[in-house]
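Summary of structural features
Listed below are the residues making up each chain.
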Amino acid sequence: MNSDEPDFRWEGPAETDTVSEVRRAIQGWGARAALPADLIAAVTLASYEAMANAVEHAYPEGHPGVLSVQVRRQADQIAVIVSDQGRWRPGDGTDARGRGLLLMEGLAKELRLGRTDSGTTVEMRWPLTLDSPGAVLAGDAMTTGVPAGAVPDVQPRSDDPRDRLRGIQAITDTALAALDADAMTQEILTRVRDLLGVDTATVLVYDAASEHLLATASVGLEQEVRQGVRVPYGRGFAGTVAASRHPQIVEHVDPTTVLNPLLWEAGLRILLGVPIMAGRVTLGVLHVGSRGQRRFTDDDVSLLQLAADRLALAMQAQVAHAEHVAATALQRSLMPGRLPAVAGFDFAARYVPSATLGVGGDWHDVFALPGNRIGIVIGDVSGHGLASAVVMGRLRSALRAYALDNESPSVVLDKLDRKAHHFEAGTMATVAYGVIDLEQNRLRFCLAGHLPPVLAVPGQASQFLVSTPDPPIGFNLRTRQRRCHSVDLPPGALVCFYTDGLVERPGQPLDDGMDALLRIVAAGGAESMCATLMARFVGVESLPDDVAVLIAHRANT
């Protein structure tokens, strides 16, 4: 063993893509430290299971927290400590947490699990020389001469415990991480078919909007995918697996037990299906079938569920990546690429997505209106990701339409509120909308739950324009009429609109950020003030929330 190699330490977001990278880093650390190949395999796989459990169970959906990993050398043993700061949700027997713990117990010589209100810690230990069953593993391959990192040959099922471990390794093989999601799914299905000695293996993905399961990948019954097989949630074999969130076995495949005619027409005589779960959320169903007489054992069910768990991680990563790309593209397409050129005024804006939560629902807009007027908007839709970006786009378009037909900002926001409440159930957004009258050099604006803009006038102290905003968009609270506010914009005046991501930081009072903003905003050019705000409030730090800034400045002459 290389004693000069420092201990492995990592801390970062508890995200599926990230822990896959950490797994590979741990494997590389073990190789540099000259650990035995079987020990590297056991430490790497057990560490990954602990990290995957934290991703799945420690933090609420959409709010990934912090995960830390340490691999230490202590005398004649290796210790792995995986810690999170969340609170694991109780399992109901259908999620991957219990199976992950069983796998960790089988791989580690010693396992300790500690839970407190401040988080969960998993500690595992191994002697430097393994003599446990896990010693049949070597790197990413078996001790059968397959090079580490290569894809191992998959042998048909047997009752040999070593073949059982070989099956686990085939499903959790780190070489799969190098494949894209579609190729990984096909490879896992192929391995499952060979390991279980079945004729077919199929994945159906759950579409919550239509409440159907759609066949997306298959080995041995490819026509399920080609013909676009759809199964209603809660009905038939696959629908029952999805709704119950428990494994199901059908020993007589016919129209009374299976809705999909392709299954009985293919001559299948027995089916085994397991749910594909992400925490408590059903992502789909993985099922296998055999044309011959056979019996599925508890080990078969466990192995198929392990494969479903691996597929769940890949599906989550694929969906997250696709949503991020789509949300980013949508956000960019809706943000004004070029702010309008207006005689006597200059405008500047910034938008930066959260480093941890990705693209959200912040937006800004500047547009010309009839009557020599300019509309100016900044808003923040609650939430992050594609759903928030889509809602943001719809609100942005609706506000522009209402602004063409209504001169009063309060009327525009009232109509937007009704629209959101009726068509975007559950949406909440804060919006600041104003209209600059270019002839009178006057700003008339209304705030729907949004933080107050800052006015800076040459020779005067900067000030917040409103102390109490009206209710946000989406609640249809018509107990009182929204209020409009007006302010003159003398030569050199600057108005700064912003979202809460600029001034709010975890663990710090909002008032501190607001006070700092008031001290920094001063009369001057819009672009230079934007740059100053981003440098002072953002700098080089990773943002916990989106930041949007929009500044209007009237020229001095």
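Description of the structure in this document. These figures come from a predicted structure and were not determined experimentally.

Our focus in this paragraph is helix α11 (residues 409-423). Between its terminal C-alpha atoms α11 stretches 21 Å, which fits the 21 Å expected from 15 residues at 1.5 Å a residue. Within α11, the full set of buried residues consists of Pro 409, Ser 410, Val 412, Leu 413, Asp 414, Leu 416, Asp 417, Lys 419 and Ala 420.

Another point: the packing of aromatic side chains. Under the counting rule described, the total for this entry stands at two aromatic pairs. Centre to centre, the rings of Tyr 206 and Tyr 233 are 4.8 Å apart; their planes meet at 35°, and the pair counts as tilted. With Tyr 206 in strand β8 (residues 200-207) and Tyr 233 in the loop between β10 (230-232) and α7 (236-244), this residue pair connects regions lying 27 residues apart in the sequence. Assessed through its relative accessible area of 21%, Tyr 206 is described here as partly exposed. Ring plane angle 15° and centroid distance 6.4 Å describe the contact between Phe 345 and Phe 347, whose orientation is recorded as stacked.

Right, let's talk about the nonpolar core for a bit. With 36 residues, the main nonpolar core has Ile 26, Val 43, Met 51, Val 71, Met 124 and Trp 126 as its most contacted residues. For this core, the elements supplying multiple residues, two or more each, are α1 (16-32), α2 (37-57), β2 (66-74), β3 (77-84), α3 (96-107) and β5 (119-127). The greatest single-element share of this core, amounting to 12 residues, is contributed by α2. Beyond its immediate chain neighbours, meaning those up to four positions away, Val 43 contacts Ile 26, Val 71, Ile 78, Val 80 and Trp 126. Residues Val 192, Val 203, Leu 304 and Ala 308 belong to the second largest nonpolar core, which totals 29 residues.

Below, the discussion takes up the environment of Leu 502. Structurally, Leu 502 is set in the loop between β22 (494-498) and α12 (510-520). Excluding anything up to four places from it in sequence, Leu 502 contacts Leu 517, Leu 533, Phe 537, Asp 546, Val 547 and Val 549.

We now examine the pattern of salt bridges. Evaluation of the coordinates by the stated rule reveals 14 salt bridges. Glu 527 is the salt-bridge partner of Arg 350, the closest N and O atoms lying 2.5 Å from each other. A residue pair is termed long-range when its members are at least 10 positions apart, and Arg 350 in strand β14 (residues 345-352) and Glu 527 in helix α13 (residues 526-537) qualify at 177 residues. In this structure Glu 527 comes out as partly exposed when scored by relative accessible area, which is 44%. A salt bridge links Asp 470 to Arg 483; the nearest nitrogen and oxygen atoms lie 3.1 Å apart. Placement of the pair is Asp 470 in the loop between β20 (463-464) and β21 (485-488) and Arg 483 in the loop between β20 and β21, with a sequence separation of 13 residues. Residue classification places Asp 470 among the buried residues on the basis of a relative accessible area of 4%.

Let us look at the environment of Val 547. If you trace the backbone, Val 547 turns up in strand β23 (residues 547-554). Along the sequence, Val 547 and Thr 499 sit 48 residues apart, while their C-alpha atoms lie 6.0 Å from each other. When neighbours within four sequence positions are excluded, Val 547 is seen to be in contact with Arg 350, Tyr 351, Val 352, Asp 362, Thr 499, Gly 501, Leu 502 and Met 534.

So, how was this worked out
Residues numbered from 1 in each chain as written. Predicted model: local features only at pLDDT ≥ 70, side-chain atom pairs only at ≥ 80, totals over all residues. Heavy atoms only, no water. Helix = DSSP H or I, 4+ residues; strand = E, 2+ residues; numbered from the N terminus. Expected span 1.5 Å × (residues − 1). Buried < 20%, exposed > 50% of the residue type's maximum accessible area, 1.4 Å probe, protein only. Phe/Tyr/Trp six-rings, centres within 6.5 Å; stacked < 30°, edge-to-face > 60°. Core = buried A, V, L, I, M, F, W, Y, C linked by side-chain atoms within 4.5 Å. Contact = heavy atoms within 4.5 Å. Salt bridge = Lys/Arg side-chain N within 4 Å of Asp/Glu carboxyl O.

Nothing here speaks to function; it is geometry throughout.
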